[in-house]
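# Residue-level structure breakdown
Spelled out, the chains give:
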Amino acid sequence: MQITPSTRPALLRKRAAGAFALVALACGLGACSSASNGEAREYAVPSSLCGTPVPADLLAPFLPSGSAVASRTEGEPAAGVKRCVVTVDGERALTAATEWREKGERPSEVALDHERVNMADHESTGTYLYSGTGAVGRVDGCTSPTFGGDLFTVLETQVEDGDKAAMKQLITAYSEATRSSDVCTSR
């Protein structure tokens, strides 16, 4: 096809339509999705938290809109604690952690050390304690030759009004994946 001044607008419309179709297809396949605030999410939601697999669809409700997502392991703030920080456009969006605690501690005791686990508005199953902004899970059946005690998982998000049921699903999946990881030496 020869491009002339009269055919140029039609060609540009075809290219724009094709580009729009590709973006729509990519979003439909999960490369981007709608964030809870109605703005576009231009990044693919991760399917792990620093190597611990979690379903992306469980993580998505707790990540904001933006153009880039990254995760990094943070140094141990205390012995037996490992943190994974997920950022969106350079801002902290979610923190996931594993913590070795004294034998017999309850999720509610661990939650007191984490301000984003809303103790004023939480639900508990005995193994999991969760609110719309954070959660704690006890990972039964794990031992550590170094730390002893019980292993807990912790999630803290920056959302203000998250879904408790979605947080319960996420802490459950993260705890189960942790139980299958190298952090848990006895399975």
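Residues numbered from 1 in each chain as written. Predicted model: local features only at pLDDT ≥ 70, side-chain atom pairs only at ≥ 80, totals over all residues. Heavy atoms only, no water.

This next bit is on the overall build of the protein chain. When you go through the protein chain residue by residue, the secondary structure sums to four helices and eleven strands. Across the 187 residues that make up the protein chain, the buried fraction comes to 39%. Long-range contacts, defined as pairs at least 24 residues apart, comprise 50% of the intrachain contacts of the protein chain with a sequence gap of at least 6. Accessible surface, the protein chain: about 10,100 Å² in total, of which carbon and sulfur atoms supply 53%. (Helix = DSSP H or I, 4+ residues; strand = E, 2+ residues; numbered from the N terminus. Buried < 20%, exposed > 50% of the residue type's maximum accessible area, 1.4 Å probe, protein only. Contact = heavy atoms within 4.5 Å. Areas by Shrake-Rupley, 256 points an atom, 1.4 Å probe, with all protein chains shown as cover.)

Once the charged atoms of two side chains with opposite charge are near each other, the side chains can pair. The full count for this structure, using the stated rule, is eleven salt bridges. The closest approach of N and O atoms between Asp 121 and Lys 164, which form a salt bridge, is 2.8 Å. Of the two residues, Asp 121 is situated in the loop between α3 (107-111) and β8 (123-124) and Lys 164 in helix α4 (residues 164-179); the sequence distance between them amounts to 43 residues. A residue is classified by how much of its surface remains accessible, and Asp 121, at 38% relative accessible area, is partly exposed. Glu 176 is paired through a salt bridge with Arg 179; the nearest N and O atoms lie 2.7 Å apart. Of this pair, Glu 176 and Arg 179 both sit in helix α4, three residues apart, which is roughly one turn of that helix. Judged by its relative accessible area of 37%, Glu 176 is partly exposed. Using a relative accessible area of 22% as the deciding quantity, one classes Arg 179 as partly exposed. Within this structure, Glu 99, Arg 101, Glu 105 and Asp 113 form a network of salt bridges that share partners. (Salt bridge = Lys/Arg side-chain N within 4 Å of Asp/Glu carboxyl O.)

Moving on, we come to the nonpolar core. Among the nonpolar cores identified, the biggest contains 26 residues, and Leu 49, Leu 59, Leu 63, Leu 94, Leu 155 and Leu 170 are the most heavily contacted of them. Looking at which element gives the most residues to this core, the answer is α4, with six residues. Contacts of Leu 170, omitting those with residues within four sequence positions, involve Val 54, Leu 58, Leu 59, Phe 62, Leu 94 and Leu 155. Counting eight residues, the second-largest nonpolar core is a separate cluster that includes Val 117, Val 136, Phe 152 and Val 154. (Core = buried A, V, L, I, M, F, W, Y, C linked by side-chain atoms within 4.5 Å.)

Even without a glycine there, the phi angle at Cys 50 is positive, about 50°. Summarising the element assignment, Cys 50 is placed in the loop between β3 (48-49) and β4 (52-53). With relative accessibility at 29%, the residue Cys 50 sits in the partly exposed group.

This next bit is on the state of the cysteines. What the rule picks out here adds up to two disulfides. Put simply, Cys 50 and Cys 84 are joined by a disulfide, and their sulfur atoms are 2.1 Å apart. Because the sign of the S-S torsion sets the handedness, a value of about 80° for the bond joining Cys 50 and Cys 84 places this disulfide among the right-handed ones. Linking Cys 50 in the loop between β3 and β4 with Cys 84 in strand β6 (residues 81-88), this pair joins segments that are 34 residues apart in sequence. When its relative accessible area of 3% is taken as the criterion, Cys 84 is described as buried. Across the disulfide from Cys 142 sits Cys 184; the S-S distance is 2.0 Å. With the S-S dihedral at roughly -105°, the linkage between Cys 142 and Cys 184 falls on the left-handed side. (Disulfide = S-S within 2.5 Å.)

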